[in-house]
Amino acid sequence: MAYAITQTCCNDASCVSVCPVNCIHPTPDEPEFGTTDMLYIDPRACIDCGACADACPVDAVFPVDRLRGPDTVFGDLNRDWFRDHPSDHAWGAPSFPRSLPGELGTLRIAVVGTGPSAGYTAQELLRSTSAEITMIDRLPVTGGLLRHGVAPDHQSTKRIVESFASVFHDPRLRMHLNVEIGTDVSHQELAAHHHAVVYAVGAAADRRLGIPGEDLPGSLPATTFVGWYNAEPTVPAEAVELSAAERVVVVGNGNVAVDIARILLTDPDRLAATDIADHALAALRRGRVREVVLLARRGPEQAAWTRAEFLALRQLPGVEVVVADDPQVRAAIEPAGVEPGAGAGAPGSGSGAALLAGLPLVPYDGAAAPAPGRRIVLRFLSAPVELSGDGRVEALTVERTTLAADGRVEGTGERDVLRAGLVVRSIGHRAVPLPGLPFDERAGTVAHRAGRVVDPATGRPLPGTYVVGWAKRGPSGGIGANRACARETVDALLDDATARALPVPEADRRDFERLVRRRRPDAVGLRELRAVDRAERERGESEGRPRVKLATVPELLAAGRRR
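A brief structural summary. Everything quoted here is computed from the prediction, not taken from an experiment.

### Some words on the pattern of salt bridges
(1) Moving on: Summed over the entire model, instances satisfying the criterion amount to 44 salt bridges.
(2) Moving on: Here Arg208 makes a salt bridge to Asp215, at a shortest N to O gap of 3.0 Å.
(3) Moving on: Judged by relative accessible area, Arg208 falls into the partly exposed class, the value being 45%.
(4) Moving on: With a relative accessible area of 62%, Asp215 lands in the exposed category.
(5) Moving on: In this structure, Glu291 engages Arg247 in a salt bridge whose closest nitrogen and oxygen atoms are separated by 2.6 Å. Pair noted here: Glu291 is in strand E12 (residues 291–295) and Arg247 is in strand E11 (residues 247–251), with a separation of 44 residues, a long-range link. Both residues of the pair, Glu291 and Arg247, count as buried.
(6) Moving on: Residues joined by salt bridges that share partners form a network here, namely Asp76, Arg79, Asp80, Arg83 and Asp84.

What follows is the structure, encoded as structure tokens:
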């Protein structure tokens, strides 16, 4: 029986390299890699060896005959992808690990950040060089997006952090947490102690709506909401108030918006078996949210969620998913060529509109109280224009939109009001300018060329300075996409090292450690990090959970001292 890849696929392609018959696609060498929702196994070529399942860091690969319930659709999705993307599974040209000339000596490289892009960067450097690595993070814990961005009910996705355990424990790596570059240590000081500095700092700023009332209490960016339920220590427990909200409007329909809707409406008893923040779990138990509206300016074909995440949303126990009826939405769904009730595996189901097959199209009045039960309302072709309320958000005014022939969104002038106790904007992220580094305002990223940080005025690279992850390419691609991104940046760094283009550090590793201790006496190292991990796992074990996260910086520092 062939294997299939399921919803939790991280796209890092660990499975591709171990497949003996090259039946997993797209591979990192193929044009579609990094643009598909997930990877796929061709059931006609699979020899049922299970090597891919053993290599998968997030337990996303299963024999098709073991798929149950909502996961059965993934057998069809894997098969159907190859219907539209035929492959002879021929092997490409072999690739070999990079190496450096021995006479270069030992490079000292700093990696700023400890999330997925930082982890893949350090992993690549440790495997291909004899470099000494310094990892730095502004928070007292590692993980970045893996710890504070992945939804708590996606525990299998978080298992990819285990693949970085050997990286963080490598004797050539030193860790300095609770240290912020630009505040505690400058870029210039960091560069003075290392041959190269790689920034893996993500995209921490939310895009704004730019409408009146956006700053009212009860209007939140998605990063705040996600950080709140994931115990991000800079997001206070009181950042989200749910007691007065029966309806929540999430502006956007990407995977983060889907995560927020799912967490708001999932039975808290199910979430109690995850690592969700204690304060979030308590608030969800007390809360009265019965309806979440996912609001989109464009139509069903342009929805930003991935197919796997949306199919999982449709299977949420006790939650109905409906589409707000509208003539334009009907017109978008009907040409998809799928009869109502045909399902996601039917002909034509590769389109975004076809994913809505079988969902009820219902008249929707956002000014009225939510309907009985719990439901998610997909409202397309609606743009937010104003938030209003007496001291906090009570309503969102939206304008109906239409798509022009060239794809532009145009307002129709027709407006209506959605009553809501909470509005969350989930319309994308931007990197934050870093002191001492050039920033590309238009792209919302650190200015770079193939990972080398450059001066936008001259186009010349800043010697020994690199960028990776969302700070490099913008907020696109999932966790696994950072692997190929890191390889490109590391290749650029190694090319520069081979060309003798890296600056020689003015001071050594011990000098930097003394600088950190002087500037941040409460900096956290590997021993303290292990103590935090033990404390959280012990708390979780007593409650039947994978871990109970410590939610504030003082709690994390105190746990680290109890080593």
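Next comes the rest of the account.
### Some points on the packing of aromatic side chains
Each aromatic ring pair is characterised by the separation of its centres together with the angle its planes make.
(1) Moving on: As enumerated under the stated definition, the model contains 7 aromatic pairs in all.
(2) Moving on: Summarising the aromatic geometry, the rings of Tyr40 and Trp81 are spaced 5.0 Å apart at their centres and angled 5° between planes, so their arrangement reads as stacked. Of this pair, Tyr40 sits in strand E3 (residues 40–41) while Trp81 sits in helix H3 (residues 73–84), placing them 41 residues apart in sequence. Trp81 matches Tyr40 in its accessibility class, with the two residues each being buried.
(3) Moving on: Here Phe225 and Trp228 contribute two aromatic rings whose centre-to-centre distance is 5.4 Å and whose plane-to-plane angle is 50°, an arrangement assigned as tilted. On the criterion of helical spacing, the pair formed by Phe225 and Trp228 is a turn pair, its members being 3 residues apart in helix H9 (residues 222–229). Summarising the burial analysis for this pair, Phe225 and Trp228 share the class buried.

### Considering the layout of surface pockets
By rolling a water-sized probe across the atoms, one finds the places where empty space is left.
(1) Moving on: Space inside the second largest pocket adds up to approximately 950 Å³.
(2) Moving on: Every residue lining the second largest pocket is counted, 33 residues in all, and those nearest its centre are Ser17, Pro28, Asp29, Ser95 and Arg487.
(3) Moving on: Counting residues per element, the ones that place at least two in the lining of the second largest pocket are helix H1 (14–18), helix H4 (116–128) and helix H16 (481–498).
(4) Moving on: Looking at the lining of the second largest pocket, the element that brings in the most residues is H4, giving 5 residues.
(5) Moving on: Class assignment of the residues belonging to the lining of the second largest pocket gives a composition of 13 nonpolar, 10 polar and 10 charged.

Rules of the game
Residues numbered from 1 in each chain as written. Predicted model: local features only at pLDDT ≥ 70, side-chain atom pairs only at ≥ 80, totals over all residues. Heavy atoms only, no water. Salt bridge = Lys/Arg side-chain N within 4 Å of Asp/Glu carboxyl O. Buried < 20%, exposed > 50% of the residue type's maximum accessible area, 1.4 Å probe, protein only. Helix = DSSP H or I, 4+ residues; strand = E, 2+ residues; numbered from the N terminus. Phe/Tyr/Trp six-rings, centres within 6.5 Å; stacked < 30°, edge-to-face > 60°. 1 Å grid on protein atoms, 1.4 Å probe; cavity = no way out; pocket = protein on both sides within 12 Å on 5 of 7 lines; lining within 4 Å. Points joined across faces, edges and corners; volume = space filled by probe spheres on them. Nonpolar A, V, L, I, M, F, W, Y, C, P; charged D, E, K, R; others polar.

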